[in-house]
There are 2 protein chains.
Amino acid sequence: MVYDFWYWPTLPGRGDFIRYPLEAAQIPYTDCARDAEDGFAAVAEHLEAKQGCHAFAVPLLETGSESIAQTANILLFLNQEHGLGPSDAAGMRYLNQLQCDIADITEEVHAVHHPISTAFYYEDQRDAAIQSAEKFREQRIPKYLAHFERIANAHDGDWLLEGDSWSTGDTSIAYLLDGLHFMFPLRMAALQSDYPTIHQIQQKTFALEYLDAYRASDRCAAFGTEGIFRNYPELDAA
Amino acid sequence: MVYDFWYWPTLPGRGDFIRYPLEAAQIPYTDCARDAEDGFAAVAEHLEAKQGCHAFAVPLLETGSESIAQTANILLFLNQEHGLGPSDAAGMRYLNQLQCDIADITEEVHAVHHPISTAFYYEDQRDAAIQSAEKFREQRIPKYLAHFERIANAHDGDWLLEGDSWSTGDTSIAYLLDGLHFMFPLRMAALQSDYPTIHQIQQKTFALEYLDAYRASDRCAAFGTEGIFRNYPELDAA
Ligand SMILES: N[C@@H](CCC(=O)N[C@@H](CS)C(=O)NCC(=O)O)C(=O)O
Ligand SMILES: N[C@@H](CCC(=O)N[C@@H](CS)C(=O)NCC(=O)O)C(=O)O
């Protein structure tokens, strides 16, 4: 079984929330749009042709019998199907809840640089973005990171959730922190020491053999000024 | 087993996504903040006191052994625990995907009247909201509603998903449409005939005996200018 994975090529975006655990757990997948000649057109055509699969957007994971969309929903499937994370239903629900929290902050990050509409260019809503970024840096980053830090500190284990092995919660936190440090380098440098445990989790996650190899490969796209996490210096401050 | 349900009192907000199926299926619950003297303070105190339950926000459902947050995650639990919706894992994943789509449009609706930050009053970001609302009305409402309409039309059944009985997908679509018609009466009146199936589902759902009783009761809060769905006439147009 080799999954078909669909996401915009050349930008990590929400795609790396899925690629990280696929790579870390060495779950075979084809990155369909990356392997296409014009990957952006391929995604659009695929969503159109597969309207019957009812994905509103990418990321999208196809198993042969199922088309699974929504980042948190895909990760829930991967955890269950590949034995990552908690083995009981309540634990899995709790992990799903955290993935939904991470989806929420991800959406808020995107809204920082596109506060008015995704239909306008960044440059046409920059003044609003500057105001939005200030509140996001002051209020939302600390509120979310304190939340995840509390969760990580609620037990003695090495990972976000109790237990001996990593789950998609760890790969998601690691990726989220990476994105926040890229987008808000000054603010995150000022805050980092307030959230030591999740930063340790990030280090441990990035040290996972196959995730490390993925991140070093040219399959892993760099952050830039496309997608969710973008570095516009005017949106950052300590 | 009587669930403890926590949500801001006096506004339907995201709370009614949960109350609707609880009421329609006659699942016993205590609406803790509604029954409190100062419900807003009670919610804030409860989240603070129960930090160990790790809910980032309300809505929150407590079962005695579990504290479950995130609307889609709570609904997944209710479907599974109370035998609503599909009985197989793939069907339940699909329903969860749709609930995540509904969570996304709900978040976008809120961002229409608070585009820059929830930290500012509506009045202080009204110009941005007017621009945001225009794009939302033109592009996002039709994109989302066409998506749900396609899903409903993909089979012959009476409900959003294939099968003989309603699920939280139906109560969520019904509530979402209700909110959109309240917030954008002109735009939704112009669009309604393009999406007949989901509007029929809304009618059938609202005719469910106990949901009908709930909506007629004083337990069901009216929409207003608090919460997610707000009617500001300047944000609407056909
Ligand atoms: N909550 C969804 C969001 C999906 C999403 O917004 N995907 C983006 C790409 S990262 C997209 O293509 N959106 C198209 C749209 O929203 O119209 C998820 O986590 O999967
Ligand atoms: N995606 C979450 C959103 C939860 C949410 O934003 N809740 C609002 C009330 S409707 C809140 O109190 N948010 C506090 C915050 O975001 O800081 C869900 O669907 O449950």
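Bear in mind that the values here come from a model prediction, so they are computed numbers and not experimental data. (Residues numbered from 1 in each chain as written. Chains lettered and ligands numbered in written order. Predicted model: local features only at pLDDT ≥ 70, side-chain atom pairs only at ≥ 80, totals over all residues. Heavy atoms only, no water.)

With that out of the way, let us pick up the site of ligand 2. Taken together, the residues surrounding ligand 2 are Asp-104, Arg-140 and Lys-143 of chain A together with Tyr-7, Trp-8, Arg-14, Phe-56, Ala-57, Val-58, Pro-59, Gln-70 and Thr-71 of chain B. Residues near ligand 2 are shared among chains A and B, making this a multi-chain site. Within the side chain of Thr-71 of chain B, a nitrogen or oxygen atom sits 2.7 Å from an oxygen atom of ligand 2. Compared with its free state, where it exposes 500 Å², ligand 2 has 82% of that area covered by protein. Residues that form the shell around ligand 2 fall into these classes: six nonpolar, two polar and four charged. (Near = heavy atom within 4 Å. Polar contact = N/O pair within 3.5 Å; in protein donor to acceptor, adjacent residues only side chain to side chain. Areas by Shrake-Rupley, 256 points an atom, 1.4 Å probe, with all protein chains shown as cover. Nonpolar A, V, L, I, M, F, W, Y, C, P; charged D, E, K, R; others polar.)

Below, the discussion takes up the side chain of His-110 of chain A. Structurally, His-110 of chain A can be placed in helix H4 (residues 89-113). For His-110 of chain A, a relative accessible area of 14% gives the class buried. (Helix = DSSP H or I, 4+ residues; strand = E, 2+ residues; numbered from the N terminus. Buried < 20%, exposed > 50% of the residue type's maximum accessible area, 1.4 Å probe, protein only.)

Before going further, it helps to examine the UniProt feature "domain: Glutathione S-transferase C-terminal" (unreviewed entry) in chain A. Sequence positions flagged by UniProt for "domain: Glutathione S-transferase C-terminal" (unreviewed entry) are, in local numbering, residues 112-218 of chain A. Taken end to end, residues 112-218 of chain A has its terminal C-alpha atoms 28 Å apart, with 67% of it in helix and 0% in strand. (UniProt positions renumbered as here; feature names shortened; annotations may be inferred.)

Superposition of chain A onto chain B requires a rotation of 180° combined with a translation of 0.0 Å along the rotation axis, giving an RMSD of 0.0 Å. Such a combination of rotation and displacement between the chain copies is what one expects of a two-fold axis. For chain A, the minimum C-alpha distance to the rotation axis belongs to Pro-115 of chain A and amounts to 2.6 Å. Both copies present the same face, since 100% of the interface residues in chain A are matched by interface residues at the equivalent positions in chain B. (Least-squares fit on C-alpha atoms with pLDDT ≥ 70 in both. Contact = heavy atoms within 4.5 Å.)

This paragraph deals with the sheet that holds strand S1 (residues 3-6) of chain B. All names here are of chain B. Reading across from one edge, S2-S1-S3-S4 is the order of the four strands in this open sheet, with mixed pairing throughout. Edge positions in the open sheet fall to strand S2 (29-31) and strand S4 (67-69), since each of these has one partner strand only. With strand direction ignored, the average angle separating the axes of adjacent strands in the sheet is 20°. Here strand S3 (residues 60-62) pairs with S4 via three bridges, running antiparallel. When the bridges of S4 are listed, Glu-62 appears paired with Ser-67. Seen against the sheet, helix H3 (residues 71-81) touches S1, S3 and S4 and runs at an angle of roughly 125° to S4. (Pairing = 2+ DSSP bridges. Axes fitted to C-alpha atoms, helices over the stretch in contact; angles between N-to-C directions.)

What follows deals with the site of ligand 1. Surveying the vicinity of ligand 1 reveals the residues Tyr-7, Trp-8, Arg-14, Phe-56, Ala-57, Val-58, Pro-59, Gln-70 and Thr-71 of chain A together with Asp-104, Arg-140 and Lys-143 of chain B. One nitrogen or oxygen atom from the main chain of Val-58 of chain A is found 2.8 Å from a nitrogen atom belonging to ligand 1. Interatomic distance of 2.7 Å between a side-chain N/O atom of Asp-104 of chain B and a nitrogen atom of ligand 1. Taken by itself ligand 1 offers 500 Å² of open surface, and the protein chains cover 81% of this. The residue makeup of the shell around ligand 1, split by class, is six nonpolar, two polar and four charged.

Counting residues in each nonpolar core, the largest one holds 100 residues, and the members touching the most others are Leu-145 and Leu-180 of chain A together with Leu-145, Phe-148 and Leu-180 of chain B. Ignoring sequence-local partners within four residues, the contact set of Leu-180 of chain B consists of Ile-105, Val-109, Phe-136, Leu-145, Pro-185, Met-188 and Phe-229 of chain B. (Core = buried A, V, L, I, M, F, W, Y, C linked by side-chain atoms within 4.5 Å.)

Before going further, it helps to spend a moment on the sheet that holds strand S3 (residues 60-62) of chain A. Residue and element names in this part refer to chain A. As summarised here, the arrangement of the four strands in space is S2-S1-S3-S4, forming an open sheet in which the pairing is mixed. The open sheet is flanked by strand S2 (29-31) and strand S4 (67-69), the only strands paired with a single partner. Ignoring which end each strand starts from, the neighbouring axes of this sheet average 20° apart. In this structure, strand S1 (residues 3-6) lies alongside S3, joined through three bridges in antiparallel fashion. Its bridge partner lying in S3, Asp-4 is registered against Glu-62. Packed on one face of the sheet, helix H3 (residues 71-81) meets S1, S3 and S4 and runs near 125° to S4.

Before going further, it helps to spend a moment on empty space enclosed by the protein. All told, the structure shown has two cavities of 30 Å³ or more when counted by the stated rule. The calculated volume of the largest cavity comes to roughly 60 Å³. If you tally residues by element for the lining of the largest cavity, the top one is H4 of chain A, at four residues. Looking at the lining of the largest cavity residue by residue, the class counts come to five nonpolar, four polar and one charged. If you trace the second largest cavity, you find it lined by Trp-8, Pro-9, Thr-10, Leu-11, Pro-12, Asp-16, Arg-19, Arg-34, Tyr-214, Arg-219 and Ala-221 of chain B. (1 Å grid on protein atoms, 1.4 Å probe; cavity = no way out; pocket = protein on both sides within 12 Å on 5 of 7 lines; lining within 4 Å. Points joined across faces, edges and corners; volume = space filled by probe spheres on them.)

A pair of packed helices is captured by two measures, namely the crossing angle of their axes and the spacing between those axes. All names here are of chain B. Closest axis-to-axis distance for the helix H4 (residues 89-113)/helix H5 (residues 126-153) pair is 9 Å, and the angle between their directions is 165°. By the angle between their directions, the pair H4 and H5 is classed as roughly antiparallel. For the crossing formed where H4 meets H5, the hand is left-handed. On H5, the residues touching Tyr-94, Leu-98, Asp-101, Ile-102, Asp-104, Ile-105, Glu-108, Val-109, Ala-111, Val-112 and His-113 of H4 are Ala-129, Ser-132, Ala-133, Phe-136, Arg-140, Tyr-144, His-147, Phe-148 and Ile-151. When its residues are assigned to classes, the contact of H4 with H5 shows 13 nonpolar, three polar and four charged. (Parallel < 35°, antiparallel > 145°, perpendicular 65-115°, else oblique. Left-handed = near helix turned anticlockwise from the far one by under 90°.)

All names here are of chain A. Given a rise of 1.5 Å per residue, 16 residues ought to cover 22 Å, and the 22 Å separating the end C-alpha atoms of helix H6 (residues 168-183) matches this to within 8%. Burial runs high along H6: 13 of the 16 residues are buried. Of the residues flanking the start of H6, the one acting as N-cap is Ser-167, its side-chain oxygen 3.0 Å from the backbone nitrogen of Gly-169. (Expected span 1.5 Å × (residues − 1).)

Another aspect to go through is the layout of surface pockets. When its volume is computed, the second largest pocket comes out at roughly 300 Å³. What lines the second largest pocket is a set of 19 residues, and nearest its centre among them are Ala-90, Gly-91 and Tyr-94 of chain A together with Cys-53 and His-54 of chain B. For the lining of the second largest pocket, the secondary structure elements donating two or more residues are H4 of chain A together with S4 of chain B. Here the lining of the second largest pocket is built from residues that sort into eight nonpolar, eight polar and three charged.

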